[in-house]
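Report on the structure
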Amino acid sequence: MPSPLLETLLILQDRDTKKLGIEVQLKAVPRDVAAVEAKIAAEKAAIVGHEIETTLKQIGEFEGQQLELMYGLDEAKKKFAAAEAVLKTNISGHEARIKTLREREVSLAAELKDAQVAFNLAREPVTEPARRIYDRIAVRTQPVIVATNSGTCCGCHLKISNEVETAARGKGPAGPNQLATCENCGRIVYWES
Ligand SMILES: [Zn+2]
């Protein structure tokens with residue numbers, strides 16, 4: 001059983017992880033939108049290129065033959081119209097995707113707000129010194145709190161000393177409310193039987 005202090009820290013970590021997960025998803029949205037916009041631009045550029053190429057080709061083929069030249073241009077126009085119809089369908093698909101992404105952005109922003117509130121609430125019961133330790137580790141690594149497994153830290157997978165293990169078991173000199181940290185990665189470690 002984790003100590004009451006550790007319980008509060010594990011809850012804090014849970015809320016922190018949720019918040020960070022939403023932040024990552026939210027940050028990805030503009031990138032995803034930009035990727036879809038780039039697709040639209042590329043398809044538009046391709047069709048303009050296609051139109052010019054087809055027309056020039058037709059003119060080249062029918063040069064000097066007035067009627068056939070006109071026929072050729074007409075064919076080119078038809079082909080272009082067909083390609084344009086495909087483009088329109090593709091673009092409306094892309095635009096729908098952008099709309100979905102924008103909606104997702106709004107709902108993620110709302111979720112993040114809630115997650116931030118939950119995170120702040122979870123900080124309250126944690127003692128000030130423990131919060132400081134947590135924050136110090138959190139800025140450089142996640143997760144902050146890990147279990148030990150057969151004398152190793154589950155964060156960095158290196159062996160922890162006997163002292164740390166004893167403290168992680170809540171049997172150190174300061175009792176169950178002493179936080180044990182891994183000597184190698186600095187994470188808070190706890191004993192999970
Ligand atoms: Zn470690």
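Residues numbered from 1 in each chain as written. Predicted model: local features only at pLDDT ≥ 70, side-chain atom pairs only at ≥ 80, totals over all residues.

Re the overall build of the protein
To keep things clear, this is the line we draw: Under the DSSP-based scheme used, a helix requires at least four consecutive residues in state H or I and a strand at least two consecutive residues in state E, with every element numbered from the N terminus. We compute the radius of gyration from the C-alpha atoms alone; for a globule the expected value is 2.2 Å times N to the 0.38, where N is the number of residues. Residue burial is a threshold on neighbouring C-beta atoms within 10 Å of the residue's own C-beta, all placed from the backbone, with 20 or more meaning buried, 12 or fewer meaning exposed, and counts in between meaning partly exposed. The contact rule is simple: place each C-beta atom from the backbone, and if two of them lie within 7 Å, those residues are in contact.
A tally of regular secondary structure across the protein gives 4 helices and 4 strands. Put simply, the protein runs from its N terminus to its C terminus through helices and strands in the order α-α-α-β-β-α-β-β. Computed over C-alpha atoms, the radius of gyration of the protein comes to 31 Å, more than 25% over the 16 Å expected from 2.2 N^0.38 for 193 residues, which places it beyond the range of a compact globule. Overall, the protein is about 100 × 35 × 25 Å in size when its C-alpha atoms are taken along their principal axes. The proportion of buried residues among the 193 residues of the protein is 17%. Within the protein, counting contacts between residues at least 6 apart in sequence, those at least 24 apart form 63% of the total.

A few points about the sheet that holds strand 4 (residues 188-191)
Counted only if it meets this: The pairing criterion for strands is at least two bridges between them, as found by DSSP.
Here 4 strands make up an open sheet; going across it, the order is 2-1-4-3 and the pairing mixed. The sheet terminates laterally at strand 2 (152-153) and strand 3 (180-181), the two strands that pair on one side only. Note: strand 3 against strand 4, 2 bridges, orientation antiparallel. When the sheet's bridge partners are listed, Thr181 is paired in strand 4 with Ile188.

A short note on unusual backbone geometry
Between Gln142 and the following residue, Pro143, the backbone shows a cis peptide bond with an omega angle of -10 degrees. Relative to the helices and strands, Pro143 resides in the loop between helix 3 (128-138) and strand 1 (145-149). We note that Ser150 has phi near 45 degrees; this positive angle belongs to a residue other than glycine. Tracing the sequence through the fold places Ser150 in the loop between strand 1 and strand 2. For His157, which is not a glycine, the phi torsion comes out positive at approximately 65 degrees. Mapped onto the fold, His157 is located in the loop between strand 2 and helix 4 (162-168). By the C-beta count within 10 Å, which is 11 here, His157 ends up exposed.

Structural notes on the domain arrangement of the protein
To keep things clear, this is the line we draw: What counts as a domain boundary in this text is fixed by an automatic or database domain assignment.
Looking at the assigned domains, one finds that the protein contains domain 1 (4-125) and domain 2 (130-191). Its C-alpha centre places domain 1 at a distance of 44 Å from the equivalent point of domain 2. Counting residues at the interface gives 10 residues for domain 1, matched by 11 residues for domain 2. Of the residues forming the side of domain 1 that touches domain 2, the biggest block, 9 residues, is contributed by helix 1 (residues 4-61).

What to know about the nonpolar core
Taken as a class, soluble globular proteins show a tendency for nonpolar side chains to be buried jointly. Inclusion rule: We define a nonpolar core as a collection of buried residues of the types Ala, Val, Leu, Ile, Met, Phe, Trp, Tyr and Cys that are connected via C-beta atoms lying within 7 Å of each other.
In terms of nonpolar packing, the biggest core is built from 22 residues, with Val164, Ala180, Ile188 and Val189 touching the most fellow members. For this core, the elements supplying multiple residues, two or more each, are helix 1, helix 2 (66-123), helix 3, strand 1, helix 4 and strand 4. Two domains share this core, each providing at least three of its residues, namely domain 1 (4-125) and domain 2 (130-191). Ignoring sequence-local partners within four residues, the contact set of Ala180 consists of Val164, Ala167, Ala168, Gly172, Ile188 and Val189.

Concerning the pairing of strand 4
Here strand 1 runs beside strand 4; their pairing, made up of 4 bridges, is parallel. The residue of strand 4 that forms the bridge with Val146 is Val189. Hairpin connection, strand 3 to strand 4: the antiparallel pair is bridged by 6 residues, and Gly186 has positive phi, about 80 degrees.

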